[in-house]
Amino acid sequence: MVNIPSYLNSFYLLRPLLYTQALTLQTVVAQFLQQVQAQRALNAFIKVYEQEATQRAALIDQKIAAGKAAPLAGMVVGLKDMISYKDHPLQAGSKILTNYIAPFHATVTQRLLEADALILGHQNCDEFGMGSSSENTYFGTVRNPLDRTRVAGGSSGGSAAAVKANMCHVSIGTDTGGSVRQPAAFCGLVGLKPSYGKISRYGVVAYASSLDTVGILAHTVADCATVLEVLAGPDGLDAMVVPYKTASHNAEAQQKNNYTIACLTETLHHDGLQPAIKARTLRSLACLQSEGNQVTHLHFELLKYALPTYYILTNAEASTNLARFDGIRYGYRGSDAVTLEEVYSKTRTEGFAKEVKKRIMLGTFVLSNGQYEAYYGKALKVRNLIKKALQEILSQYDFILLPTTTTTAFPINSFEHNPLSMYWADLYTVLASVAGLPALSLPNGVDENNLPIGIQIIGNYLEEEKLLAFARYLQSIQADSYPSIQKK
Ligand code: GLN
């Protein structure tokens, strides 16, 4: 058991200490850097900007002392290796971006810096966000801080491991089909995927543009809310961002106990669902009911179409988004390539790993002339059906509650010989993704191996404020113990 000072766990706890000058950010950053060093075996960070972080900590300490600090002063943040930080390397977990240096800030990076957050480094992830275990990375598998023989989830696995192992307060990840929520569940954290269009993706590496979102991982709902407030909002640089300000967070939001909750029966009667997760989800529903909220069980026959729809759409979009990595514009160029065709083919053959290549091929197949209607066209239609059905439910109920994942963190290499079956890990997270709805994963106790379980709340489009208030309420009525770091 590692003894961790509580201010490493939450920005909320730290803030008053910094403002009363009981503590300096320089001390805090030194502690985080120590953790990064001590837990290098987790493979959570791939780049740590140590010197820069130390200097910036001194600067922010001065700002705080002078009463000139912005709202995130004191917060130490890690960025998934998908988010541009000007003049710093960016590789999206891939060999193909070797030596690429971001020439500009992502909008989220710009906003974090303007709010006086401190960026500690870039975090390991599945290549181009494709995976559910952070094993598909050029930088080696990320390990779960709670049990190093297991994965931390993916694709934002490094981001989750870093927060759980107290290397930073908060991580900024990306969530296309669950990449923030699933690692949050596997590591016992809060993970928020906002509505599609709530946070700008400018400067964020694209995977599947009609589903990509920037998400937040933290120890507490409060920290997620504070960061959302800074990151969300209009941005002319991403055409899909909602062009007006929508409420993100209201610390005073009224907690009530007359919520209406929908539970989708099919999500709880699934063969692959680990019994402990089912039991914990039912327990939460019972708990909500006993507090006076109304819980209704509904059928959702479309669940079985969610995964195939998601994977057809994302592979199709990825195949076009990743066409830009050709050995000419960015990073790595194939060895001994002479002709233009050789540059393309050698760069892409050597630069992408297996999973990415598989998805590009599947994506071009579903978009090809003879297959388009049968696959891509059909997936678009099913996506609409799922979206409409979920919207219909959310017009009658405040929230949909379901497990975040079918299992808790699985052992490393579990899917080595059957990579397709790893896609089941995303069964419950892709629902909100295909519908563009906000969803949050909350820790919900542990299984028989003491591994964390997540519960997922899906809210109405752009109603993050209400979602966060409910998450806080749910957490307050589920008095439970969560696992702390232990070595295995
Ligand atoms: N695991 C899912 C996939 O591989 C989700 C990834 C993500 O959200 N980036 O597509």
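Preceding block: the structure.
In what follows, the accompanying structure is described. (Residues numbered from 1 in each chain as written. Predicted model: local features only at pLDDT ≥ 70, side-chain atom pairs only at ≥ 80, totals over all residues. Heavy atoms only, no water.)

## Focus on the overall build of the protein
- Scanning the protein for helices and strands turns up 15 helices and 13 strands.
- Since a compact globule built from 488 residues should have a radius of gyration of about 23 Å, the 21 Å found for the protein is in line with a globular shape.
- Judged by the C-alpha coordinates and their principal axes, the protein covers about 65 × 55 × 50 Å.
- Relative to its full complement of 488 residues, the protein shows a buried share of 61%.
- When contacts within the protein are restricted to residue pairs at least 6 apart in sequence, those whose partners lie at least 24 apart make up 76%.
- Split by element, the accessible area of the protein, about 18500 Å² in all, is 53% carbon and sulfur.
- Across the protein, the centroid of the 42 positively charged side chains sits 1 Å from that of the 40 negatively charged ones. (Helix = DSSP H or I, 4+ residues; strand = E, 2+ residues; numbered from the N terminus. Rg over C-alpha atoms; globule rule 2.2 N^0.38 Å. Buried < 20%, exposed > 50% of the residue type's maximum accessible area, 1.4 Å probe, protein only. Contact = heavy atoms within 4.5 Å. Areas by Shrake-Rupley, 256 points an atom, 1.4 Å probe, with all protein chains shown as cover. Lys, Arg positive; Asp, Glu negative; His and termini not counted. Charge placed at Lys NZ, Arg CZ, Asp CG, Glu CD.)

## A few points about the site of the ligand
- Taken together, 15 residues surround the ligand, and among them Thr176, Gly177, Ser179, Tyr207 and Tyr310 come closest.
- Arg359 is positioned with one of its side-chain polar atoms (N or O) 2.9 Å from an oxygen atom of the ligand.
- Coverage of the ligand by the protein chains reaches 100% of its 290 Å² of free accessible surface.
- Most atoms of the ligand, that is more than half of them, are within 2 Å of grid points of the largest cavity.
- By residue class, the composition of the shell around the ligand is four nonpolar, eight polar and three charged. (Near = heavy atom within 4 Å. Polar contact = N/O pair within 3.5 Å; in protein donor to acceptor, adjacent residues only side chain to side chain. 1 Å grid on protein atoms, 1.4 Å probe; cavity = no way out; pocket = protein on both sides within 12 Å on 5 of 7 lines; lining within 4 Å. Sits in = over half its atoms within 2 Å of the grid points. Nonpolar A, V, L, I, M, F, W, Y, C, P; charged D, E, K, R; others polar.)

## Here we look at the side chain of Thr406
- Within the fold, Thr406 resides in the loop between strand E11 (399-403) and helix H14 (430-435).
- When sequence neighbours within four positions are dropped, the list of residues in contact with Thr406 reads Gly272, Leu273, Gln274, Ile277, Trp424, Ala425, Leu427 and Tyr428.

## Description of the pattern of salt bridges
- The full count for this structure, using the stated rule, is eleven salt bridges.
- Put simply, Arg181 and Asp175 hold a salt bridge, and the shortest N to O gap is 2.9 Å.
- Assessed through its relative accessible area of 0%, Asp175 is described here as buried.
- Two residues, Asp326 and Arg329, come together in a salt bridge whose shortest N-O distance is 3.0 Å. (Salt bridge = Lys/Arg side-chain N within 4 Å of Asp/Glu carboxyl O.)

## Notes on unusual backbone geometry
- In this structure, the amide linkage connecting Gly154 to the following residue, Ser155, adopts the cis form with an omega of 5°.
- Locating Ser155 in the fold gives a position in the loop between strand E5 (147-151) and helix H5 (157-164).
- Positioned with a positive phi, Gln21 is a non-glycine residue whose angle comes to about 60°.
- You can see Gln21 is positioned in the loop between helix H1 (11-19) and helix H2 (25-38).
- We classify Gln21 as exposed; its relative accessible area is 52%.
- Residue Asp336 is not a glycine yet carries a positive backbone phi of 50°.
- If you trace the backbone, Asp336 turns up in the loop between helix H10 (303-321) and helix H11 (340-351).
- Judged by relative accessible area, which is 68%, Asp336 ranks as exposed.

## Things to note about the environment of Ser156
- Along the polypeptide, Ser156 turns up in the loop between E5 and H5.
- Through-space distance from the C-alpha of Ser156 to that of Ala44 is 9.6 Å; in sequence the pair is 112 residues apart.

## Structural notes on the pairing of strand E7 (residues 190-193)
- Neither face of E7 is open: one carries Val190 and Leu192, the other Gly191 and Lys193, and all of them are buried.
- Bridge analysis of E7 against strand E8 (residues 213-218) gives three bridges, and the strand direction is antiparallel. Within E8, the residue paired with Val190 across the bridge is Ala218.
- Bridge count between E7 and strand E12 (residues 439-446): three bridges; the pairing is antiparallel. Along E12, the bridge assignment pairs Gly191 with Ser441. (Pairing = 2+ DSSP bridges.)

## Quick notes on the packing of aromatic side chains
- Counted under the stated rule, the structure contains 18 aromatic pairs.
- A centroid spacing of 5.6 Å and a plane angle of 90° characterise the contact between Phe186 and Phe410, whose relative ring orientation is edge-to-face. Taken together, the residues Phe186 in helix H6 (residues 181-187) and Phe410 in the loop between E11 and H14 connect sequence positions 224 residues apart. Of the two residues, Phe186 and Phe410, neither departs from the other in class, the shared state being buried.
- Through pairs of rings, three or more aromatic residues link up here, namely Tyr100, Phe128, Phe325, Tyr330 and Phe352. (Phe/Tyr/Trp six-rings, centres within 6.5 Å; stacked < 30°, edge-to-face > 60°.)

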